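Residue strings, one per chain:
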Amino acid sequence: MHSFGYRANALLTLAITILAFMCGIASFSDNFNTPTPTAQVQVLNINWFQKKPDGDDEASLTLNISADLRSLFTWNTKQVFVFLAAEYETPKNALNQISLWDGIIPTKEHAKFSIHTTNKYRFADQGSNLRGKPFNLTLHWHVMPKTGKMSANKLVMTGYRLPEAYR
């Protein structure tokens, strides 16, 4: 007959194999989810727009961020990392991205939100490239699953412009 150790090893191997198979199925099932998140960002005020002593431009914005990201959550979602970035072009770089706000959404119940805030991080450019500059506000999200591969996507909102003169 088989020893206790041999039986325990067989049982443990079977349990780990079943667990790995279930994790694979969970990860695969996320491919069938087609999320439809919505977001809207309003720039309520440009609090100040100035040239710093080192020659760099810097702006402070008051934002109203509304989003419904509930469709990103499935039974396999652990949390969602969200951040709002300002994106613009300069003669040196085709794409400049500046993170203005970020947050972690732990549950589906917190995934529909409306926040009235100033930019959490500095909106600064190395040089004087921001005057009169059009920019996009892009809401990025990274879905962190309990098992499987992390996914990311974004929603681009266009039509924003900084003033021509410093304030």
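Before any of the text, the structure's been laid out above.
Nothing here was measured: the structure is a model prediction, and the numbers come from that model.

The rules behind these values
- Here, residues in each chain are numbered from 1, in the same order as that chain's written sequence.
- Side-chain atom pairs in this predicted model are given and counted only at pLDDT of 80 or more, local residue features only at pLDDT of at least 70, and totals for whole chains, interfaces and linings cover all residues.
- Working from all heavy atoms in the structure, the side-chain values ignore hydrogens and water.
- The nonpolar core is taken to be a set of buried Ala, Val, Leu, Ile, Met, Phe, Trp, Tyr and Cys residues, with the residues joined through side-chain atoms within 4.5 Å.
- Whether a residue is buried, partly exposed or exposed follows from its accessible area with a 1.4 Å probe, protein chains only, as a fraction of its type maximum: under 20%, in between, or over 50%, in that order.
- The secondary structure listing takes helices from DSSP runs of H or I that are at least 4 residues long and strands from runs of E that are at least 2 residues long, numbered from the N terminus.
- Residues are treated as being in contact if the distance between any of their heavy atoms lies within 4.5 Å.
- Pairing of N or O atoms within 3.5 Å defines a polar contact, subject to two protein rules: one partner must be a possible hydrogen donor and the other a possible acceptor, and residues neighboring in sequence count only if both atoms are side-chain atoms.
- Note on definitions: salt bridges are taken to be side-chain nitrogens of Lys or Arg within 4 Å of carboxyl oxygens of Asp or Glu.
- Two strands form a pair only when DSSP identifies at least two bridges running between them.
- Axis lines are fitted through C-alpha atoms, for helices just across the contact stretch, and the angle between N-to-C directions can take any value from 0 to 180 degrees.
- For Phe, Tyr and Trp, rings pair up if their centres lie within 6.5 Å, where Trp contributes its six-membered ring, and each pair is then called stacked (planes under 30 degrees apart), edge-to-face (over 60) or tilted (otherwise).

A few points about the nonpolar core
- Residues Phe123, Phe135, Leu137 and Leu162 are the most contacted members of the largest nonpolar core, which totals 32 residues.
- For this core, the secondary-structure elements that each account for two or more residues are β1 (38-51), β2 (57-68), β3 (77-88), β4 (96-105), β7 (134-145) and β8 (151-161).
- Setting aside residues up to four positions removed in sequence, leucine 162 forms contacts with Ile46, Phe49, Ala59, Leu61, Phe123, Leu130, Gly132, Lys133 and Phe135.

Notes on the environment of lysine 133
- Relative to the helices and strands, lysine 133 resides in the loop between β6 (123-125) and β7.
- Residues lysine 133 and tyrosine 160, spaced 27 residues apart in sequence, show a C-alpha to C-alpha distance of 8.5 Å.
- In this structure lysine 133 touches Tyr88, Glu89, Thr90, Tyr160, Arg161 and Leu162, once residues within four positions along its chain are discounted.
- Here the side chain of lysine 133 touches glutamate 89 through a polar contact of 2.9 Å, landing on its backbone oxygen.

Overview of the environment of lysine 146
- Within the fold, lysine 146 resides in the loop between β7 and β8.
- Measuring from C-alpha to C-alpha, the distance between lysine 146 and alanine 26 comes to 8.9 Å, with 120 residues separating the pair along the chain.
- The contacts of lysine 146, once residues within four sequence positions are left out, are Trp75, Asn76, Thr77 and Lys78.
- Within the local environment of lysine 146, its side chain forms a polar contact with the backbone oxygen of tryptophan 75, the two atoms lying 3.3 Å apart.

A few points about the pattern of salt bridges
- Within the structure shown, the criterion is met by 3 salt bridges.
- Arginine 122 serves as the salt-bridge partner of glutamate 58, at 3.9 Å between the closest nitrogen and oxygen. Of this pair, glutamate 58 sits in strand β2 while arginine 122 sits in the loop between β5 (112-118) and β6, and the two are 64 residues apart along the sequence.
- When the shortest N-O distance is used, the salt bridge between aspartate 102 and lysine 120 registers 2.7 Å. With aspartate 102 in strand β4 and lysine 120 in the loop between β5 and β6, the pair connects residues that are 18 residues apart, well separated along the chain.

Brief notes about the sheet that holds β7
- The 4 strands lie next to each other as β4-β3-β7-β8, forming an open sheet whose pairing is antiparallel. Strands with a single pairing partner mark the edges of an open sheet, and in this sheet they are β4 and β8. Taken over all neighbouring pairs, the strand axes of this sheet differ in orientation by 20° on average, direction set aside.
- Two strands pair when backbone bridges link them, and β3 and β4 are joined in this way by 9 bridges, in the antiparallel orientation. By the bridge assignment, tyrosine 88 is partnered in β4 with asparagine 96.

Things to note about the packing of aromatic side chains
- A full pass over the atoms with the stated rule returns 7 aromatic pairs.
- On the numbers, 5.9 Å between centres and 35° between planes, the contact of phenylalanine 81 with phenylalanine 83 is tilted.
- Looking at phenylalanine 81, the relative accessible area reads 24%, which means it is partly exposed.
- Counting every residue linked through ring pairs, the aromatic cluster contains Tyr88, Phe123, Phe135 and Tyr160.

A short note on the side chain of threonine 62
- Here threonine 62 lies in strand β2.
- In this structure the side chain of threonine 62 is engaged in a polar contact, spanning 2.8 Å, whose partner is the side chain of asparagine 47.
- If near-sequence neighbours (up to four positions away) are discounted, threonine 62 is found in contact with Gln42, Val43, Leu44, Asn45, Asn47, His116, Thr117 and Thr118.

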